[in-house]
Amino acid sequence: MNPAPLCSAALAFGLATAALAQEPRVITEWDIQTQPGGSKLIQEAQARFEKANPGFKVQRTQIPNDAYKTKLKIAMGANEPPCVFTSWGGGVLREYIKAGQVVDLGPYLAKDPAFRERFLPSAFDAITWQGKTYGLPGENTTAAVIYYNTEIFAKFGLAPPKTWPELMKLVETLKANDVAPFALANKAKWPGSMYYMYLVDRIGGPEVFRKAIARAPGGSFADPAFVEAGKYLQELVRAGAFAQGFNGLDYDIGAARRLLYSGKAAMELMGTWESSNIQNENPEFAKKVDFFPFPGVPGGKGQAGNVVGSVGQNFYSISTACKTPEAAYQLITTMLDEASVKARLADKRLVPVKELTIADAPMQRVMQLVADAPAVQLWYDQELPPQLAELHKDTVQALFGLSITPEEAAQKMQALAAQILK
């Protein structure tokens, strides 16, 4: 037997083994930043992390909003989640925490107090459970506002409404001039939920929802405020306030925004991340769009300054399945470092850090809106436990479709809440 091939084979095997030993360790990361600006700044941050940590490689996956929720749920269920993942905090994240699938970041933050101190204290509310912190505030401080086409408003002599009757009069005027008052892409159900949340707040005040979810004395999802919110919502639908086909249009592909760009619709109720989307997609249209707060309801208990939104929309967490949590933490902090904060600001997004210097006037208004709000209501579909959140979205979409009564919707929510909320 010729020993040369064996020697060559052994040498090749040794080199391959050495090469494998030198290969960087992979950190998987999932996020929903599919727009050019958001995607670019994350890629740049991850490149900075890799340069500072040559033994690691980030394997990033970007997934559209609604597909992401399903993909993450399946991955968690199979115990195959990414190392780093984004979430909206609240009830959905708490379910993963209770299952022992999310790393407590408290020990890391304790060693890095200066990093935590950069953020507004309220930015951690949605990711804190039983005194422990399970994520870092990421992408944006947001509020749901009504965007409107200033040219259309000027053409018909319209002004932003401050009350519900004023809004209904505006709807009537726009309809009479063959312009859909609102663009809505409600296939995913959560966009329509914003109307319902605001109406509950404006009618009953923030305590109605807080008492219902806490199962506090007198708290109920069948409270008259929830029923009345459904009635107001259906009044808007029956008045023809929405462009046709709204319950089947897909927000993730920009269906609602296209109605705004084309002038077929005059307004859209959406989170203030929409400013970034509009700027990226249609810079010319961005010059003629403005926003106003959701109007008040006469006789309602909710203050006009209350907002539906989030301080730190989208948070970054580490799964307990991650084999390199220390490196994953360093990755997240790099994704939220000074360079990343500045990049988000340039992309019209407000990371909830202290003393943020904002030159853009509309963004200053957003930050002031949230800062001055007597109450900030986290999105119901994120605050509620997953099963109840899904029912909430289903019933609200059915309210939009006029296939359920407000009383029936409220009773369905209350019945399930009584089963699963303890």
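S.K.: Just to check I follow, could you spell out helix 2 (residues 36–52) for this structure?
M.R.: For the α-helix, the turn length of 3.6 residues means that residues three or four positions removed from each other point alike. If you check helix 2, its first and last C-alpha atoms are 24 Å apart, about what 17 residues at 1.5 Å a residue would give, namely 24 Å. The complete set of buried residues in helix 2 reads Gly38, Ser39, Leu41, Ile42, Ala45, Gln46, Phe49 and Glu50. Tucked into the core, helix 2 has its buried residues touching strand 1 (25–31), strand 2 (56–62), strand 6 (136–149), strand 10 (307–318), helix 15 (325–335) and helix 16 (338–346).

S.K.: Just to check I follow, could you spell out helix 8 (residues 164–176) for this structure?
M.R.: Between the first and last C-alpha of helix 8 there are 19 Å, a value that for 13 residues agrees with the 18 Å anticipated at 1.5 Å per step. Each element contacted by the buried residues of helix 8 is listed here: helix 7 (150–155), strand 7 (180–182), helix 9 (190–204), helix 11 (224–238) and strand 8 (265–271). After helix 8 finishes, the residue Asp178 shows a positive phi value of roughly 60°.

S.K.: Which parts of the structure should I look at to understand the state of the cysteines?
M.R.: Cysteine pairs can be covalently joined through their sulfur atoms, and such a bond is termed a disulfide. Across all of its chains, the model carries 1 disulfide by this definition. With its sulfur 2.2 Å from that of its partner, Cys83 forms a disulfide with Cys322. Between Cys83 and Cys322, the S-S dihedral sits near 90°, and the bridge is therefore right-handed. Here Cys322 lies in the loop between strand 10 and helix 15 and Cys83 lies in the loop between helix 3 (65–77) and strand 3 (84–87), a separation of 239 residues in the sequence. Side by side, Cys83 and Cys322 carry an identical accessibility label, which is buried.

S.K.: Before we go on, may I ask you to explain the nonpolar core in this structure?
M.R.: Considering soluble globular proteins, one finds that nonpolar side chains tend to be buried as a cluster. Counting residues in hydrophobic clusters, the biggest one holds 141 residues, and the most contacted among them are Tyr195, Phe221, Phe242 and Met267. Contacts of Phe221, omitting those with residues within four sequence positions, involve Phe209, Ala212, Ile213, Phe226, Leu384, Leu388, Ala410, Met413, Gln414, Ala417 and Leu421.

S.K.: Is there a simple way to think about the pattern of salt bridges in this case?
M.R.: Side-chain pairing between opposite charges can occur once the charged atoms of the two side chains come close. According to the stated counting rule, one finds 27 salt bridges in the structure shown. For Lys348, the salt bridge goes to Asp360, with nearest N and O atoms at 2.8 Å. Placement of the pair is Lys348 in the loop between helix 16 and helix 17 (361–372) and Asp360 in the loop between helix 16 and helix 17, with a sequence separation of 12 residues. Judged by relative accessible area, which is 22%, Lys348 ranks as partly exposed. Three or more residues joined by partner-sharing salt bridges are found here, namely Glu139, Arg344, Asp347 and Arg349.

S.K.: It is not clear to me how the environment of Thr141 should be interpreted in this structure. Could you clarify?
M.R.: Mapping Thr141 onto the fold places it in strand 6. Since its relative accessible area comes to 1%, Thr141 is described here as buried. When sequence neighbours within four positions are dropped, the list of residues in contact with Thr141 reads Thr272, Ser310, Val311, Gly312, Gln313, Leu350, Val351, Pro352, Val366, Met367 and Val370.

S.K.: Honestly, unusual backbone geometry in this entry has me stumped. Any pointers?
M.R.: Most peptide bonds take the trans form, and the phi angle of most residues other than glycine is negative. Positive phi is not limited to glycine here, since Gln130 has a value of about 50°. Structurally, Gln130 is set in the loop between strand 4 (128–129) and strand 5 (132–133). The backbone phi angle of Asp178 is positive, close to 60°, even though this residue is not glycine. Looking at the element boundaries, Asp178 is found in the loop between helix 8 and strand 7. Relative accessible area serves as the criterion here: at 72%, Asp178 is assigned to the exposed category.

S.K.: How should the confidence of the model for the protein be read in this particular structure?
M.R.: Should pLDDT be low for a region, the predicted coordinates there are not to be read in detail. The predicted model of the protein averages 91 in pLDDT, with 95% of residues at 70 or higher. In this model, residues 1–21 is a region of pLDDT below 50 whose contacts with residues beyond four sequence positions or in other chains number 1 contact.

S.K.: How should I be thinking about the packing of aromatic side chains in this particular structure?
M.R.: Following the criterion strictly, the structure yields 25 aromatic pairs and no others. When the centroid spacing of 5.7 Å and the interplanar angle of 35° are considered together, the rings of Phe182 and Phe242 count as tilted. Here Phe182, found in strand 7, pairs with Phe242, found in the loop between helix 11 and helix 12 (255–261); they are 60 residues apart in sequence, far enough to count as distant. Taking the relative accessible area as the measure of exposure, Phe242 reaches 8% and is therefore buried. Here Tyr195 and Phe400 contribute two aromatic rings whose centre-to-centre distance is 5.8 Å and whose plane-to-plane angle is 75°, an arrangement assigned as edge-to-face. Residue Tyr195 is located in helix 9, and its partner Phe400 is located in helix 19 (residues 386–400); the two are separated by 205 residues in the primary sequence. With a relative accessible area of 1%, Phe400 lands in the buried category.

S.K.: Would you mind showing me how to read the side chain of Lys393 here?
M.R.: Examined against the element boundaries, Lys393 turns out to sit in helix 19. Only 3.0 Å separates the side chain of Lys393 from the side chain of Glu390, close enough to count as a polar contact. Leave out the neighbours within four places in its chain, and Lys393 touches Ala188, Lys189, Trp190 and Asp381.

S.K.: Before we go on, may I ask you to explain the packing of helix 9 against helix 11 in this structure?
M.R.: A packed helix pair is summarised by two numbers, namely the angle formed by the two axes and the spacing between the axes. It is the contact of helix 9 with helix 11, at a shortest axis distance of 8 Å, that shows an interaxial angle of 125°. With respect to their mutual orientation, helix 9 and helix 11 come out oblique. Where helix 9 crosses over helix 11, the handedness of that crossing is right-handed. Of the residues in helix 11, those in contact with Tyr195, Tyr196, Leu199, Val200, Ile203 and Gly204 of helix 9 are Ala225, Phe226, Glu228, Ala229, Gly230, Tyr232, Leu233 and Leu236.

S.K.: How should I be thinking about the packing of helix 8 against helix 11 in this particular structure?
M.R.: It is the contact of helix 8 with helix 11, at a shortest axis distance of 10 Å, that shows an interaxial angle of 20°. With respect to helix 11, the element helix 8 is oriented roughly parallel. For the crossing formed where helix 8 meets helix 11, the hand is right-handed. Counting all contacts with helix 8, which are made through Trp164, Leu167, Met168 and Val171, the residues of helix 11 involved are Tyr232, Glu235 and Leu236.

S.K.: Any chance you could explain the pairing of strand 6 here in plain terms?
M.R.: Side chains on a regular strand alternate between the two faces of the sheet. Of all the 14 residues making up strand 6, 14 are buried; the element is thus mostly covered by neighbouring parts of the structure. With 5 bridges connecting them, strand 6 and strand 8 associate as antiparallel partners. Bridge pairing in strand 8 links Tyr148 to Met267. Sheet topology note: the strand 6/strand 9 (residues 289–292) ladder contains 4 bridges and is antiparallel. Counterpart to Asn149 in the pairing with strand 9 is Val289.

Criteria and thresholds
- Residues numbered from 1 in each chain as written.
- Predicted model: local features only at pLDDT ≥ 70, side-chain atom pairs only at ≥ 80, totals over all residues.
- Heavy atoms only, no water.
- Helix = DSSP H or I, 4+ residues; strand = E, 2+ residues; numbered from the N terminus.
- Expected span 1.5 Å × (residues − 1).
- Buried < 20%, exposed > 50% of the residue type's maximum accessible area, 1.4 Å probe, protein only.
- Contact = heavy atoms within 4.5 Å.
- Disulfide = S-S within 2.5 Å.
- Core = buried A, V, L, I, M, F, W, Y, C linked by side-chain atoms within 4.5 Å.
- Salt bridge = Lys/Arg side-chain N within 4 Å of Asp/Glu carboxyl O.
- pLDDT = per-residue confidence, 0-100.
- Phe/Tyr/Trp six-rings, centres within 6.5 Å; stacked < 30°, edge-to-face > 60°.
- Polar contact = N/O pair within 3.5 Å; in protein donor to acceptor, adjacent residues only side chain to side chain.
- Axes fitted to C-alpha atoms, helices over the stretch in contact; angles between N-to-C directions.
- Parallel < 35°, antiparallel > 145°, perpendicular 65-115°, else oblique.
- Left-handed = near helix turned anticlockwise from the far one by under 90°.
- Pairing = 2+ DSSP bridges.

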